[in-house]
Amino acid sequence: MTAPATQTLVLNPTTCDGRGLCAEAAPGLVGLDEWGFPLLPGGGLRADIPGERLAEARDAVHACPALALHLELAARHRR
Ligand code: SF4
């Protein structure tokens, strides 16, 4: 069985309202800054998520009522 491909977790800061439900759903993956806005791994608006952590990333995406998070195929896996 092959490991699932790396995907990129993407935050849209213009739709995020900073309530932190994503961090509650995936506390090992998403942190919160001092104002309650999400901090993705690496601190940017995009974070590559290895296959073994995709379940956590999906939990964060599904928890977001503002649709401010999504997953896309990581750049090195696109053709
Ligand atoms: S759940 Fe969505 S709206 Fe709430 S802090 Fe996380 S990304 Fe922002």
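Draft legend 1. Quick peek at the overall build of the chain. Per the secondary structure count, the chain includes two helices and five strands. Mapped in sequence order, the helices and strands of the chain form the string β-α-β-β-β-α-β. Expressed as a percentage of its 79 residues, the buried residues of the chain come to 35%. The contacts in the chain between residues at least 6 apart in sequence include a share of 66% that link residues at least 24 apart. Accessible surface, the chain: about 5000 Å² in total, of which carbon and sulfur atoms supply 55%.

Draft legend 2. Spotlight on the site of the ligand. Taken together, 14 residues lie near the ligand, and Cys 16, Asp 17, Gly 20, Cys 22 and Cys 64 sit nearest. When atom positions are compared with the pocket grids, the ligand is found to occupy the largest cavity. A breakdown of the residues in the shell around the ligand according to their chemical character gives ten nonpolar, two polar and two charged.

Draft legend 3. Representation of empty space enclosed by the protein within the structure. Under the defined criterion, the tally for this structure stands at one cavity of 30 Å³ or more. Each pocket or cavity is described by its volume, and for the largest cavity that value is around 120 Å³. Grouping the constituent residues of the lining of the largest cavity by class yields ten nonpolar, two polar and two charged.

Draft legend 4. Main features of the nonpolar core. Counting residues in each nonpolar core, the largest one holds 18 residues, and the members touching the most others are Leu 9, Leu 29, Val 30, Leu 40, Ile 49 and Leu 69. Within the residue set of this core, elements represented by two or more residues are strand S1 (7-11), helix H1 (21-25), strand S4 (46-49) and helix H2 (54-63). Considering each element in turn, this core owes the most residues, four residues, to H2. Setting aside residues no more than four positions away along its own chain, Ile 49 makes contact with Thr 6, Gln 7, Leu 9, Leu 29, Pro 41, Leu 54 and Ala 57.

Draft legend 5. Inspection of H2 at higher detail. Taken as a whole, H2 has its buried residues at Leu 54, Ala 57, Ala 60 and Val 61. Projected down its long axis, H2 shows its buried positions confined to an angular sector of 120°, all on one face. Looking at the buried positions of H2, the neighbouring elements they touch are S1, H1, S4 and strand S5 (69-73).

Draft legend 6. Fine view of the pattern of salt bridges. Following the criterion strictly, the structure yields three salt bridges and no others. With a closest N to O distance of 3.4 Å, Asp 17 and Arg 19 form a salt bridge. Judged by its relative accessible area of 41%, Asp 17 falls in the partly exposed class. Arg 19 gets classed as exposed once you look at its relative accessible area, which sits at 66%. Between Arg 53 and Glu 56 there is a salt bridge, with its nearest N and O atoms 2.9 Å apart. Under the relative-accessibility criterion, Arg 53 is labelled partly exposed at 28%. Residue classification places Glu 56 among the partly exposed residues on the basis of a relative accessible area of 24%.

Each value, and the rule that gives it
- Residues numbered from 1 in each chain as written.
- Predicted model: local features only at pLDDT ≥ 70, side-chain atom pairs only at ≥ 80, totals over all residues.
- Heavy atoms only, no water.
- Helix = DSSP H or I, 4+ residues; strand = E, 2+ residues; numbered from the N terminus.
- Buried < 20%, exposed > 50% of the residue type's maximum accessible area, 1.4 Å probe, protein only.
- Contact = heavy atoms within 4.5 Å.
- Areas by Shrake-Rupley, 256 points an atom, 1.4 Å probe, with all protein chains shown as cover.
- Near = heavy atom within 4 Å.
- 1 Å grid on protein atoms, 1.4 Å probe; cavity = no way out; pocket = protein on both sides within 12 Å on 5 of 7 lines; lining within 4 Å.
- Sits in = over half its atoms within 2 Å of the grid points.
- Nonpolar A, V, L, I, M, F, W, Y, C, P; charged D, E, K, R; others polar.
- Points joined across faces, edges and corners; volume = space filled by probe spheres on them.
- Core = buried A, V, L, I, M, F, W, Y, C linked by side-chain atoms within 4.5 Å.
- Arc of directions from axis to C-beta.
- Salt bridge = Lys/Arg side-chain N within 4 Å of Asp/Glu carboxyl O.

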